[in-house]
Amino acid sequence: MILHFPLKDVTVKKVTEPRAVVSPDYADDFWQMNQREFAMQVEGVGRYYACDGREVEYTPVKGASRETLELYLNGSVYGAILHQRKILPLHGSSFVLDGKGILVCGEAGAGKSSVTASFVFNGAGFLTDDVTPMVIREGVPVIMALSDRIKLWDDTLKQLGLKKAGLRKIAPDNEKYYYPVNKGETEYFPLEMVFIISTENDSGVSSQEVTGADKFVAMRNEIYRWEYLEGMKENEKIYFRTLSVIASAVRVYDVRRSDATGISELRETLEKIISAG
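Residues numbered from 1 in each chain as written. Predicted model: local features only at pLDDT ≥ 70, side-chain atom pairs only at ≥ 80, totals over all residues. Heavy atoms only, no water.

**Q** Quick question: what am I supposed to make of the overall build of the chain here?
**A** Scanning the chain from N- to C-terminus turns up six helices and 17 strands. Radius of gyration (C-alpha) of the chain: 19 Å, near the 19 Å computed for a compact globule of 277 residues. Dimensions of the chain, computed from the C-alpha atoms along their principal axes, are close to 55 × 45 × 40 Å. Residues counted as buried form 54% of the 277 residues belonging to the chain. For the chain, long-range pairs separated by at least 24 residues make up 70% of all intrachain contacts whose partners lie at least 6 apart in sequence. Entry remark: accessible area of the chain is about 13,000 Å², with carbon and sulfur atoms responsible for 48%. Each charge sign in the chain was given a centre, from 34 positive and 39 negative side chains, and these centres are 4 Å apart. (Helix = DSSP H or I, 4+ residues; strand = E, 2+ residues; numbered from the N terminus. Rg over C-alpha atoms; globule rule 2.2 N^0.38 Å. Buried < 20%, exposed > 50% of the residue type's maximum accessible area, 1.4 Å probe, protein only. Contact = heavy atoms within 4.5 Å. Areas by Shrake-Rupley, 256 points an atom, 1.4 Å probe, with all protein chains shown as cover. Lys, Arg positive; Asp, Glu negative; His and termini not counted. Charge placed at Lys NZ, Arg CZ, Asp CG, Glu CD.)

Right, dumping it as structure tokens:
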């Protein structure tokens, strides 16, 4: 069984017994880690180990599906590999519209993947889903475009007029699916605008630009698996510099929507801000 993983230079290997983190700087019942090693145990799924930003081992429990194994591999383990490489992962999805790199962040269920898919299926270029690696190149914050699929709920597929026939579920017990999306030819794309979405409005959609020092704080809050930094102290200084460049170079918007807001309405609101910017 070959599992999907975004980074092609990482070795992913099924083993009888994955290695353990011998001297963790952070440990709980779920994760153990230090600067170069990471281990995770998921009940009903399996055990994972990652080291040096280039090796992954996993041992599935009996009956674990490929989809569920990939869900954790492409989430928490992927995040650990990026942190080990000192590449800043942000919790968001991204696309290109009118030559602008756009990142959509927010809490789980805020609509990051849904609105990104809506842009992509209306002509935007796809970059990343859910985890967005960021690096600084020649003083410019740049998205590493590594994704080739996007995770969408059944309701989102219906709103976008997409069929779920033939799609793989991300886990056997829910109605979220992997939808394949063509990758663009660009591996790196400059970031120009960030939307941080929350579901805090009673009705409709509202937005407000985030300015000053609040931009840095807002972006730091969007670090993917920020808990890992408890065991990876070296990353703090590097991420401080990366986030400082992002905060000074991009425009950031706080976007609030109601639970009843449709995907098209949210996309149209964001599109107006992008066009005006």
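Still to come is the rest of the account.
**Q** Before we go on, may I ask you to explain the environment of methionine 1 in this structure?
**A** Looking at where methionine 1 falls in the secondary structure, it is placed in the segment before strand S1 (11–14). C-alpha of methionine 1 to C-alpha of lysine 13: the two residues are 12 residues apart in sequence and 9.8 Å apart in space. Filtering out sequence-adjacent residues up to four positions away, methionine 1 remains in contact with Tyr58, Arg66 and Leu69.

**Q** What's the story with the packing of aromatic side chains in this structure? I'm lost.
**A** To describe a pair of aromatic rings, you give the distance between the ring centres and the angle between the ring planes. Under the counting rule described, the total for this entry stands at eight aromatic pairs. With a centroid separation of 5.7 Å and 80° between ring planes, the pair formed by phenylalanine 5 and tyrosine 78 is classed as edge-to-face. Here the residue phenylalanine 5 occupies a position in the segment before S1, and tyrosine 78 occupies one in helix H1 (residues 66–84), the gap between them amounting to 73 residues. Consider the rings of phenylalanine 95 and phenylalanine 119, whose centres lie 4.3 Å apart with planes at 15°: the pair is stacked. Remark: phenylalanine 119 occurs in helix H2 (residues 112–120) and phenylalanine 95 occurs in strand S7 (residues 88–97); sequence separation between them is 24 residues. Residue phenylalanine 119 is classed as buried on the basis of its relative accessible area, which comes to 2%. The rings of Phe30, Trp31, Phe38 and Tyr228 are connected pair by pair, giving a single aromatic cluster. Sitting over the face of the ring of tyrosine 188, arginine 137 holds its NZ or CZ atom 4.0 Å from the ring centroid. Across the ring face of tyrosine 178, the terminal group of arginine 149 is positioned such that the distance to the ring centre comes to 3.7 Å. (Phe/Tyr/Trp six-rings, centres within 6.5 Å; stacked < 30°, edge-to-face > 60°. Lys NZ or Arg CZ within 6 Å of the ring centre and 35° of its normal.)

**Q** When you look at the packing of H2 against helix H6 (residues 263–276) in this model, what are you seeing that I'm missing?
**A** A pair of packed helices can be characterised by two numbers: the angle between their axes and the separation between those axes. Following both chains from N to C, one finds H2 and H6 inclined at 70°, their axes separated by 9 Å at the closest point. By the angle between their directions, the pair H2 and H6 is classed as roughly perpendicular. Where H2 abuts H6, its residues Ser114, Val115, Ser118 and Phe119 lie against Ile263, Leu266, Arg267, Leu270, Glu271 and Ile274. In the contact of H2 with H6, the residues fall into six nonpolar, two polar and two charged. (Axes fitted to C-alpha atoms, helices over the stretch in contact; angles between N-to-C directions. Parallel < 35°, antiparallel > 145°, perpendicular 65-115°, else oblique. Nonpolar A, V, L, I, M, F, W, Y, C, P; charged D, E, K, R; others polar.)

**Q** I'm lost on the side chain of serine 93 in this one. Help?
**A** The residue serine 93 is located in strand S7 in this model. Judged by relative accessible area, serine 93 falls into the buried class, the value being 0%. At a separation of 2.9 Å, a polar atom in the side chain of serine 93 contacts the main-chain amide nitrogen of aspartate 130. (Polar contact = N/O pair within 3.5 Å; in protein donor to acceptor, adjacent residues only side chain to side chain.)

**Q** Is there a simple way to explain H1 in this structure?
**A** The α-helix advances 3.6 residues per turn, and as a result positions three or four apart in sequence lie on the same side. Here H1 contains 19 residues, and its C-alpha end-to-end distance of 25 Å stays within 8% of the 27 Å for a straight helix at 1.5 Å per residue. In H1, a bend of some 35° at tyrosine 78 exceeds every other bend along the element. When you tally the buried positions in H1, you get 15 out of 19 residues, the bulk of the element. (Expected span 1.5 Å × (residues − 1). Bend = angle between axes of the 7 residues up to and from the residue.)

**Q** Could you clarify how one ought to interpret the sheet that holds strand S12 (residues 149–153) in this entry?
**A** Strands belonging to one sheet form pairs held by backbone hydrogen bonds; the direction of such a pair is parallel or antiparallel. Across the sheet, which stays open at both edges, the three strands sit in the order S12-S14-S13 with antiparallel pairing between neighbours. With partners counted over all chains shown, the strands left at the sheet margins are S12 and strand S13 (168–169), one partner each. As paired strands, S12 and strand S14 (residues 176–180) are joined by five bridges and run antiparallel to one another. The residue bridging tryptophan 153 from the neighbouring strand is lysine 176, located in S14. (Pairing = 2+ DSSP bridges.)

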